[in-house]
Amino acid sequence: ATTYTVVMAIRNAYSPDLEVHLSIERTPKKPIGEVSEGELVRLEGKVKFLGEPHQAPLSGAPCACWEVIVEESTGVGNAVTEAEIYEPIIHEMGMEPFLVIDDTGKAIVKVENARLALNKERHYESGTFERADERMRAFLETHSESPDQFFGLSRRLRYQEGLIEEGEHVAVLGLAARWEVDPD
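Heads up: these notes are all about the structure in this document. (Residues numbered from 1 in each chain as written. Predicted model: local features only at pLDDT ≥ 70, side-chain atom pairs only at ≥ 80, totals over all residues. Heavy atoms only, no water.)

With that out of the way, let us pick up the overall build of the protein. A count of helices and strands for the protein gives two helices and twelve strands. Counted from the first residue to the last, the protein has its helices and strands arranged as β-α-β-β-β-β-β-β-β-β-β-α-β-β. Counting over 184 residues, the protein shows a buried share of 41%. In the protein, the share of contacts with a sequence separation of at least 24, taken over all contacts with a separation of at least 6, comes to 73%. Taken as a whole, the protein presents about 10,000 Å² of accessible surface, with 52% of it coming from carbon and sulfur. (Helix = DSSP H or I, 4+ residues; strand = E, 2+ residues; numbered from the N terminus. Buried < 20%, exposed > 50% of the residue type's maximum accessible area, 1.4 Å probe, protein only. Contact = heavy atoms within 4.5 Å. Areas by Shrake-Rupley, 256 points an atom, 1.4 Å probe, with all protein chains shown as cover.)

Turning our attention to the sheet that holds strand S10 (residues 122-126). The four strands lie next to each other as S6-S5-S11-S10, forming an open sheet whose pairing is antiparallel. This sheet does not close on itself; its edge strands, each paired only once, are strand S6 (84-95) and S10. Taken over all neighbouring pairs, the strand axes of this sheet differ in orientation by 20 degrees on average, direction set aside. Strand direction decides the pairing type here: strand S5 (residues 65-77) and strand S11 (residues 157-164), joined by eight bridges, are antiparallel. Pairing of Cys65 across the sheet is with Ile164, part of S11. Contacts between helix H2 (residues 134-141) and the sheet are confined to S5, S6, S10 and S11, with S5 contributing the most and set at about 90 degrees to the helix. (Pairing = 2+ DSSP bridges. Axes fitted to C-alpha atoms, helices over the stretch in contact; angles between N-to-C directions.)

Below, the discussion takes up H2. Along an α-helix, residues three or four apart share an orientation, since each turn contains 3.6 residues. Turning to H2, its buried residues are Met136, Phe139 and Leu140. Seen end-on, H2 carries its buried residues on one side only, within an arc spanning 100 degrees. Exposed and facing more than 90 degrees away from the buried side of H2 are Glu134 and Glu141. With a side-chain oxygen lying 3.1 Å from the backbone nitrogen of Arg135, the N-terminal cap of H2 falls on Asp133. (Arc of directions from axis to C-beta. Polar contact = N/O pair within 3.5 Å; in protein donor to acceptor, adjacent residues only side chain to side chain.)

Let's shift gears to the environment of Lys110. Along the chain, Lys110 falls in strand S8 (residues 105-110). Since its relative accessible area comes to 26%, Lys110 is described here as partly exposed. Residues Lys110 and Glu96, spaced 14 residues apart in sequence, show a C-alpha to C-alpha distance of 7.5 Å.

Following this line, the structure appears as structure tokens:
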């Protein structure tokens, strides 16, 4: 297997983070089996967990990486579109090393200091008519936040969760830190 220390980015399909997306896209894709030590590379392949996966905080889904954004309604609408305006109150990520596998080999992706660009495909809301569930409440409490305001009224919150799940296709940009012969 090839071991990588990811110094830049990890992206799953259709990520909205333009800066990370462009950094990855500008680097030519290379098959894992052709990577040299010390090389900045873009790898693409399917994810396989190494050991116990994370559990995503809102959905509970097993994953290698997750990102959650919680936003609160300001109670004000945009004058042109009349859409509600939301302000971010929490942005958190969790990552574990994982394998990326292509037709030529496997790479262990180490995620220290990685930038994630995940498609936030899971959306939840809580507010007056939809109370925060147990997972939402627990996540908010870890950040000293509550879904409730004064007099028992609920804050209008929206939650976005992005994951990298086993079997998902990802692109990884990083530095090949060490080469090892795969015993398999």
